[in-house]
Amino acid sequence: MDFIKTALEPSKFSDKAYFFVFSGHNILVKEEPDNFVSIPCIEEKVLAQMKLNGICFFGKVKNLSCYCGRITPENIPDKYKMINLRALYGKIDNGFWSIAGYARQICDWNMNFKFCGRCGAQTKTKKDEHARVCPKCNLISYPRISPAIITAVVKDKQILLGRGVNFPDKKMFSVLAGFVEPGEALEDCVKREIFEESGIKVKNIQYVKSQSWPFPDSLMIGFTAEYESGELSIDSQELAEAGWFKSDNLPIVPGKQTLAGELIEWFVQNHS
Ligand SMILES: [Zn+2]
C-alpha cells in the first residue's frame, strides 16, 4: 500500500478523495457486493450531504487525498454504513485498515486538543506537520501516543495468560500488558507490569516487534520473557483470573491480527 503521510494539504480539492469518517468507535464504509465493504472515495457532491465535523487532511494513497472527520448518524448516506474499526479487520485490504487506524488517531487528537493544555487558549492546526499550536503561549502539541508493553511469559512449555476484568469477551485470555510509566525503560516496565499483575518475576526479556494499536492511541511493544520465580497472585483490579497454559490446551485467545495473537502463536510454534 503506497500511503504517504503528510499534513501539507493540496490547495484545491480534486474530483474525489478518500474519507475516513468516524462516529464513536465506528468507521463509515461503503457497502460492496458479496458482503464486502470499502473506505469511501467520495466526490464533493456526496461530501456536502454528510456534513462532516473536524475534517483534517492527513496524506495520500493511490495518488488521492485522504481526509478524516466525524459524522452524526442521521447524515449517513444510502449504501453506506458504520462498522466497528476492530471488526473492519479482514473485511478490507490490510493497508487500508492500517491507514484507518492512523486516521482515527489524527481525528481523535484534533478533537481532544482543541484547547491549549497550558493556558487554555484555542489551538490552531500547524500547516506543515500534524501538530497544534497555541497562538497565545506558542505551546506545540503533537498527536499523543501511549506506549504499552505486552509480554509472552513462558515456564516449562507453558504460557502465562490472564483474563482482564475489562475484556468484552468473558472467556478470552491474553498475554499480560501494561502502559509504560515516565522515566521507565521498556524492560523495567515488563518486569514491573508482570510482577504487579501476576506476582511472577521474569528474566531473559527479548524484544519481538511492535504494533500501532489505535484503541485509542497505543503503541504496543511486544516481548518474550522466561519465568524466574514467584507464585501466581493476581491483581484483582486488573485481572479476573490467570493461569499457565500448554500449547495444546489454550483458552480462547486474540486473533493473529493482534500482537497478542502473534506472541501466543510464537509460543505455540516453539513450545509444543
Ligand atoms: Zn497556550
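Bear in mind that the values here come from a model prediction, so they are computed numbers and not experimental data.

### Description of the overall build of the protein
Secondary structure summary: the protein contains four helices and 17 strands in total. Each principal axis of the C-alpha distribution contributes one length, and for the protein these read about 60 × 55 × 30 Å. For the protein, the residues scored as buried account for 30% of the 272 residues in total. Of all intrachain contacts in the protein linking residues separated by at least 6 positions in sequence, the fraction that spans at least 24 positions is 64%.

### A closer look at helix H4 (residues 259-270)
Here H4 spans 17 Å end to end across twelve residues, near enough to the 16 Å set by a 1.5 Å rise per residue. Along H4, the positions that sit buried rather than exposed are Leu-259, Ala-260, Glu-262, Leu-263, Ile-264 and Phe-267. Where H4 is buried, its residues touch strand E12 (146-155), strand E13 (158-164), strand E15 (201-213) and strand E16 (218-229).

### So, unusual backbone geometry
A cis amide bond, omega 5°, links Phe-215 with the succeeding residue Pro-216. Relative to the helices and strands, Pro-216 is located in the loop between E15 and E16.

### So, the domain arrangement of the protein
Taken as a whole, the protein is organised into domain 1 (3-112), domain 2 (113-143) and domain 3 (146-270). Taken over C-alpha atoms, the centre of domain 1 sits 24 Å from the centre of domain 2. Residue-level contacts link nine residues of domain 1 with six residues of domain 2. When grouped by side-chain class, the residues that make up the side of domain 1 that touches domain 2 number six nonpolar, three polar and no charged.

### What about the pairing of E15?
Along a regular strand, successive side chains alternate from one face of the sheet to the other. Here E15 pairs with E16 via ten bridges, running antiparallel. In the sheet register, Gln-206 faces E16, and the bridge partner there is Thr-224. Count of turn residues in the E15/E16 antiparallel hairpin: four residues.

### Some remarks on the sheet that holds strand E11 (residues 140-141)
Taken in spatial order, the three strands make up an open sheet running E9-E10-E11, and their pairing is antiparallel. The strands lining the two open edges of the sheet, one partner per strand, are strand E9 (124-125) and E11.

### Remarks on helix H2 (residues 94-112)
Here H2 is 19 residues long and its end C-alpha atoms lie 27 Å apart, about the 27 Å a rise of 1.5 Å per residue gives. Every buried residue of H2 is accounted for by Phe-96, Ile-99, Ala-100, Gly-101, Tyr-102, Ala-103, Arg-104, Gln-105, Ile-106, Cys-107, Trp-109 and Asn-110. Buried positions along H2 lie against strand E1 (3-5), strand E2 (16-23), strand E3 (26-31), strand E6 (53-61), strand E7 (64-70) and E15.

### Quick notes on the confidence of the model for the protein
Caution applies to low-pLDDT parts of the model: their predicted coordinates are not meant to be read in detail. Predicted confidence across the protein gives a mean pLDDT of 93, with 100% of residues reaching 70 or more. No element of the protein has a lower mean pLDDT than helix H1 (residues 44-50), which averages 83, and none a higher one than E12, which averages 98.

### What to know about the environment of Leu-88
Relative to the assigned elements, Leu-88 resides in the loop between strand E8 (80-84) and H2. Using a count of 18 C-beta atoms within 10 Å as the deciding quantity, one classes Leu-88 as partly exposed. Linking Leu-88 and Val-29, residues 59 residues apart in sequence, is a C-alpha distance of 9.2 Å. Filtering out sequence-adjacent residues up to four positions away, Leu-88 remains in contact with Ile-27, Ile-83, Trp-97 and Ala-100.

### Focus on the pairing of E3
Looking at chain direction, E2 and E3 are connected through two bridges and run antiparallel. If you follow Ser-23 over to E3, its bridge partner there is Asn-26. The hairpin formed by E2 and E3 contains two residues between the paired strands, and Gly-24 there has a positive phi angle of roughly 60°. Of the pairings in the sheet, the one linking E3 to strand E4 (residues 37-38) comprises two bridges and is antiparallel in character.

### Some details on the environment of Leu-263
Among the structural elements, Leu-263 can be located in helix H4. Between the C-alpha atoms of Leu-263 and Ser-174, which are 89 residues apart in sequence, the distance is 9.6 Å. The contact partners of Leu-263, leaving out residues within four places of it in the chain, are Ile-150, Ala-152, Val-175, Val-208 and Gly-222.

Criteria and thresholds
- Residues numbered from 1 in each chain as written.
- Predicted model: local features only at pLDDT ≥ 70, side-chain atom pairs only at ≥ 80, totals over all residues.
- Helix = DSSP H or I, 4+ residues; strand = E, 2+ residues; numbered from the N terminus.
- Buried ≥ 20, exposed ≤ 12 C-beta atoms within 10 Å, placed from the backbone.
- Contact = placed C-beta atoms within 7 Å.
- Expected span 1.5 Å × (residues − 1).
- Domains from an automatic or database assignment.
- Nonpolar A, V, L, I, M, F, W, Y, C, P; charged D, E, K, R; others polar.
- Pairing = 2+ DSSP bridges.
- pLDDT = per-residue confidence, 0-100.

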